[in-house]
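Overview (structure and organization)
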Amino acid sequence: MGRPRTNDETVKERLVACATEMLATGPRESVTVRAVAAAAGASTTAVYSLFGGKDGLIGEVRDRAVVGLFQGLSAVPDSGQALADIYALAVAYRRWAGEHSHLYAVLFGGVQSFDPSGAVGIGDPIRPLLAAIDRASAESVLEGEGTSIALSVWVTLHGLVTLELAGALDAATVEATFRSTIDATLRGWMTPTAFRSIRRAEAAT
């Protein structure tokens, strides 16, 4: 009879959960194989057998964050109105960050950062935003290089979300400024015709 397997999926999930929390709340240097194993109630051997070591474990945490954010954004449907879709993506981004604050901190907290200015892969979280921006450009609503527009939206959104998660902004303040801040960023990239159309619509209400 073979020996019972102890380094199973349950142990793996505990290690990932503990590493995620440690990476989100402390410096990377504090995340050692021994510390993570102790927090998870596992052996150091489990870290090596399941992930190949510390770097593999951190990579797993980071990869899950990327996949989770991509899935959250990809679930936003194409409504046929590109600007509305961009705003819906911003809402989904904020919601995912609030529901997965530890993963968000790992992804954008300087551990192994997602690089929105790098090459866009199939599962890149910025891909849904770029697609919506492309649709807005095709509709002559936005003008400019797609990646530059996406970066400006992301920087604005990330700033709001980071301040909210840090407790620097209360819920009422975030709710009051969220839509207007995203709108202001997008208006900076609007075509003159689209901008005038929106201003006329606002003046009529």
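Quick look at the structure, then. Sequence order as written defines the numbering, with residues in each chain counted from 1. Local features in a predicted model are, by the rule used here, given only for residues with pLDDT of at least 70; side-chain atom pairs are given and counted only at 80 or more, and totals for whole chains, interfaces and linings are based on all residues. Excluding hydrogens and water, the side-chain values take into account all heavy atoms of the structure.

Things to note about the nonpolar core
In these notes, a set of buried Ala, Val, Leu, Ile, Met, Phe, Trp, Tyr and Cys residues joined through side-chain atoms within 4.5 Å is what counts as a nonpolar core. Between buried and exposed lies partly exposed: a residue is buried under 20% and exposed over 50% of the maximum accessible area for its type, with that area taken using a 1.4 Å probe on protein chains only. Formed by 56 residues in total, the largest nonpolar core has its most connected members in Leu15, Val36, Leu57, Tyr93, Leu129 and Leu142. A run of H or I in DSSP counts as a helix once it spans at least four residues, and a run of E counts as a strand once it spans at least two, with each numbered from the N terminus. Take this core: its biggest share by element is eight residues, from helix α5 (residues 82-99). It only takes one pair of heavy atoms within 4.5 Å for two residues to be counted as in contact. Sequence-distant contacts of Leu57, that is, excluding residues within four places in its chain, are made with Leu15, Val16, Ala19, Val36, Val47 and Phe51.

What about the packing of helix α4 (residues 54-74) against helix α6 (residues 101-108)?
For any two helices packed against each other, the geometry comes down to the angle between their axes and how far apart the axes lie. To define axes, lines are fitted to C-alpha atoms, for helices over the stretch in contact only, and angles between the resulting N-to-C directions are given on a 0 to 180 degree scale. It is at 9 Å that the axes of α4 and α6 come closest, and there the two elements cross at 110°. The angle between α4 and α6 places the two elements in the roughly perpendicular class. Here α4 contributes Val61, Arg62, Ala65, Val66 and Leu69 to the contact with α6, which in turn contributes Leu103, Val106, Leu107 and Phe108. Asp, Glu, Lys and Arg are counted as charged, while Ala, Val, Leu, Ile, Met, Phe, Trp, Tyr, Cys and Pro are counted as nonpolar; the rest, among them Gly, fall into the polar class. A per-class count over the contact of α4 with α6 returns eight nonpolar, no polar and one charged. Small angles under 35 degrees read as roughly parallel and large ones over 145 as roughly antiparallel, with 65 to 115 read as roughly perpendicular and the rest as oblique.

Let's talk about the packing of aromatic side chains
Only rings of Phe, Tyr and Trp enter the pairing, Trp through its six-membered ring, and a pair is recorded when the two centres are within 6.5 Å. The plane angle decides the type: under 30 degrees is stacked, over 60 is edge-to-face, the rest tilted. Summed over the entire model, instances satisfying the criterion amount to five aromatic pairs. Taking 6.3 Å as the distance between ring centres and 35° as the angle between the ring planes, the aromatic pair formed by Tyr93 and Phe108 counts as tilted. Remark: Phe108 occurs in helix α6 and Tyr93 occurs in helix α5; sequence separation between them is 15 residues. Considered together, Tyr93 and Phe108 belong to a single accessibility category, that of buried residues. Between the aromatic rings of Phe108 and Trp154, the centroid separation amounts to 5.5 Å while the plane-to-plane angle is 50°, which identifies the pairing as tilted. Pair noted here: Phe108 is in helix α6 and Trp154 is in helix α8 (residues 146-165), with a separation of 46 residues, a long-range link. On the basis of relative accessible area, Trp154 is assigned to the buried category, the value being 17%. Connected via pairs of aromatic rings, a cluster forms that spans Tyr93, Tyr104, Phe108 and Trp154. Whether a charge sits over a ring comes down to the Lys NZ or Arg CZ being within 6 Å of the ring centre and within 35 degrees of the ring normal. The ring of Phe178 has Arg94 lying over it, and the distance from NZ or CZ to the ring centre is 5.2 Å. Over the ring of Tyr87 we find Arg179; its NZ or CZ atom is 3.9 Å from the centre of that ring.

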